[in-house]
Amino acid sequence: APDFSLNSVDGKVIKLSDYKGKKVILNFWASWCPPCRAEIPDFVAFYNENKDKIEIIGGAVGSKEEDVKKIIKQFNISYPVCMSDGKVENLYGGINAVPTTFIIDENGYIKTKRIGAMSKTELEKIMK
């Protein structure tokens, strides 16, 4: 998986390489996307139960920062959410639809690319 550096909505710098040794779920979504909003509660629940074993990084695409902040607050998102700048999407072969999720293993390799909303059950199966 290509390394990247993005600014999170709360002002931190998030780099994929900082999570080496941990499974990472990289989830591209948009504030205006109903399936994206529908999957967020499952991502939050999954993260809260598994944050010692995995990391989730949200990448908001084509969205206004104030809308993203409202969604973070509305769904109580506890994992980092970054405003994606288009460069990271290009590193990952382009994102043609949202949500698009990449599962990256502990060694930094992309194991799965999934286009479309994911449920908590699907996340649990993929992470095993």
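Summarised in this report is the structure supplied together with it. (Residues numbered from 1 in each chain as written. Predicted model: local features only at pLDDT ≥ 70, side-chain atom pairs only at ≥ 80, totals over all residues. Heavy atoms only, no water.)

## Things to note about the pairing of strand S6 (residues 100-104)
- S6 sits mainly inside the fold: five of its five residues count as buried.
- Side chains Thr-100, Phe-102 and Ile-104 of S6 all project onto a buried face; the interleaved residues Thr-101 and Ile-103 project onto the opposite face, where all are buried too.
- Here five bridges tie strand S3 (residues 23-29) to S6, and the two strands are oriented antiparallel to one another. Bridged to Ile-25 within S6 is Ile-103. (Buried < 20%, exposed > 50% of the residue type's maximum accessible area, 1.4 Å probe, protein only. Helix = DSSP H or I, 4+ residues; strand = E, 2+ residues; numbered from the N terminus. Pairing = 2+ DSSP bridges.)

## Looking at the nonpolar core
- The biggest cluster of nonpolar side chains holds 39 residues, and the ones touching the most others in it are Ile-25 and Tyr-79.
- Only S3, helix H1 (34-50), strand S4 (54-60), helix H2 (65-75), strand S5 (81-83), S6 and helix H4 (120-127) provide two or more residues apiece to this core.
- Considering every element that reaches this core, the biggest residue donor is H1, with six residues.
- Apart from the residues lying within four places of it in its own chain, the contact partners of Ile-25 are Phe-43, Phe-46, Ile-54, Glu-55, Ile-56, Ile-57, Thr-101, Phe-102, Ile-103, Leu-123 and Met-127. (Core = buried A, V, L, I, M, F, W, Y, C linked by side-chain atoms within 4.5 Å. Contact = heavy atoms within 4.5 Å.)

## Here's the deal with the sheet that holds strand S7 (residues 110-115)
- Across the sheet, five strands lie side by side as S5-S4-S3-S6-S7; this open sheet has mixed pairing. In this open sheet, the two strands that pair with only one neighbour each are S5 and S7. On average, adjacent strands in this sheet sit at an angle of 20° to one another, irrespective of strand direction.
- Along the sheet, H1 makes contact with S3, S4 and S6, crossing S4 at roughly 155°.
- The sheet contacts of H4 involve S3, S4, S6 and S7, and relative to S3 the element is tilted by about 145°. (Axes fitted to C-alpha atoms, helices over the stretch in contact; angles between N-to-C directions.)

## What to know about the state of the cysteines
- The tally for this structure, following the rule as stated, stands at one disulfide.
- You can see Cys-82 has no disulfide; the closest cysteine sulfur is in Cys-36, sitting 16 Å from it.
- What makes Cys-82 buried here is its relative accessible area of 0%. (Disulfide = S-S within 2.5 Å.)

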